[in-house]
Amino acid sequence: MALNNSQYDEIFRSYDAKQLKAQHQLEERTKAAYERSPELKALDASIAEISVASARRLLDGDSSALTELKAELKNLRTRKKALMKELSLPENYFEPVYECPDCKDTGYIDGKPCHCFKQQAIDLIYTQSNIKDILARENFSTLSLDYYSDSNINPATGLTSLATAKAAVARCHEFVDQFDTTFANLYFFGDTGIGKTFLSNCIAKELLDSGHSVIYFTSFQIFELLSIGAPADKWNLHQQYEALLDSDLLILDDCGTEVSNTFTVSRLFQLLNERALLRKSTIISTNLSIREFRDVYSERIFSRITSSYTLLK
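Here's what I pulled together on the structure shown here. (Residues numbered from 1 in each chain as written. Predicted model: local features only at pLDDT ≥ 70, side-chain atom pairs only at ≥ 80, totals over all residues. Heavy atoms only, no water.)

Here we look at the side chain of Ser-219
Of note, Ser-219 is situated in helix 8 (residues 219-226). Side-chain polar atoms of Ser-219 contact the backbone oxygen of Asp-254, separated by 2.9 Å. (Helix = DSSP H or I, 4+ residues; strand = E, 2+ residues; numbered from the N terminus. Polar contact = N/O pair within 3.5 Å; in protein donor to acceptor, adjacent residues only side chain to side chain.)

See the structure below:
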């Protein structure tokens, strides 16, 4: 997504800080290990010394001495590994611990932006997309089905409230498990306070944890954005809309409670249609019935929803 120079600088400063933090933590761990075992410190010094000697011999063309040095180096590393085991230190103890092990807190993998860079850009553009505090409370591990009745039966489906909730949760797990292989969208509808937003947050948490980018909007927020059109806002609007299209998952929560008009509804259809063409998944939740949703958002959006979304009541 498009970022201006100051935004790039802000993100890369954060990566510099992360790398410095990882290096500092490594130095502290190393110091603590050496204090526990002077032998470990001596082994590391010998390994470093022989590694330098091997490089010098190689540059001098003395290949005959390399075999002996390599054997000695192997023995030292074997002893170090055994000593670390005796000290109950993991094998990766002397490696930096990065917030993102995929890019090692550089922001890029093979010259392309890492998923963590992508999410940082989203969080920079949309402060409201940073829902990680909420997700710490609302996720699959904290989800409880105790709130749903096992005796209240829906005459339209013949299922109890508990059975309906279990089926919805199972579909959400399936959505997450197949996210990288199967393009899908979800549409949650039903009364207030029955778990629609909670399930959306469960999915968001799983996908964020697996390195995907997620944007969360309430209907008020998305329609406020879509209504922006003043020339002074064009740069920010372009960035925001591009991020909306580019995010792996877009969550539109509580649709139907905002004040919309023909222009914003048309923009919403454009957004949903372009994301579908890009095969970018979307989750919509609403308190409206199917008929009410169609009346509020037009036949075009209703048709898009019913044709390409899994409807979960």
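Thoughts on the pattern of salt bridges
If the charged atoms of two oppositely charged side chains come close together, the side chains can form a pair. A full pass over the atoms with the stated rule returns 10 salt bridges. Put simply, Lys-118 and Asp-248 hold a salt bridge, and the shortest N to O gap is 3.3 Å. One end of the pair, Lys-118, is in helix 4 (residues 115-125); the other, Asp-248, is in the loop between helix 9 (234-246) and strand 7 (249-255), with 130 residues separating them in the sequence. With respect to burial, Lys-118 and Asp-248 carry one shared label: buried. The partner of Arg-294 in a salt bridge is Asp-295, and the shortest N-O contact between them spans 3.7 Å. (Salt bridge = Lys/Arg side-chain N within 4 Å of Asp/Glu carboxyl O. Buried < 20%, exposed > 50% of the residue type's maximum accessible area, 1.4 Å probe, protein only.)

So, helix 11 (residues 290-308)
Its 19 residues give helix 11 an end-to-end C-alpha distance of only 15 Å, which falls more than 12% under 27 Å, the value for a rise of 1.5 Å per residue. Of all the bends in helix 11, the greatest, near 125°, is centred on Ser-298. Three or more residues of helix 11 are buried, namely Phe-293, Tyr-297, Ile-301, Phe-302 and Ile-305. (Expected span 1.5 Å × (residues − 1). Bend = angle between axes of the 7 residues up to and from the residue.)

A few points about the sheet that holds strand 8 (residues 281-286)
In a beta sheet, neighbouring strands are held together by backbone hydrogen bonds and run either parallel or antiparallel to one another. The sheet built from 5 strands is open, its strands ordered 6-7-8-5-9 with parallel pairing. On the outer flanks of this sheet lie strand 6 (214-218) and strand 9 (310-312), each paired with one strand and no other. The average undirected angle you get between the axes of adjacent strands in this sheet is 15°. The pairing of strand 5 (residues 186-189) with strand 9 spans 3 bridges and is parallel. (Pairing = 2+ DSSP bridges. Axes fitted to C-alpha atoms, helices over the stretch in contact; angles between N-to-C directions.)

A few points about the pairing of strand 5
Each regular strand carries side chains that alternate between the two faces of the sheet. A two-sided burial pattern is seen for strand 5, the buried positions comprising Leu-186 and Phe-188 on one face and Tyr-187 and Phe-189 on the other. In terms of strand pairing, strand 5 meets strand 8 through 4 bridges, oriented parallel. Residue Leu-186 lies in a different strand from strand 8, and its bridge partner there is Ile-283.

Some remarks on the packing of helix 8 against helix 10 (residues 262-277)
Relative placement of two packed helices is described by the angle separating their axes and the distance separating the axes. Running from N to C, helix 8 and helix 10 point in directions that differ by 100°, and their axes come no closer than 9 Å. The angle between helix 8 and helix 10 falls in the class roughly perpendicular. In this structure, helix 8 uses Ile-222, Phe-223 and Leu-226 to contact helix 10, whose residues at the interface are Phe-263, Thr-264, Val-265, Arg-267, Leu-268 and Leu-271. Residue composition of the contact of helix 8 with helix 10, by class: 7 nonpolar, 1 polar and 1 charged. (Parallel < 35°, antiparallel > 145°, perpendicular 65-115°, else oblique. Contact = heavy atoms within 4.5 Å. Nonpolar A, V, L, I, M, F, W, Y, C, P; charged D, E, K, R; others polar.)

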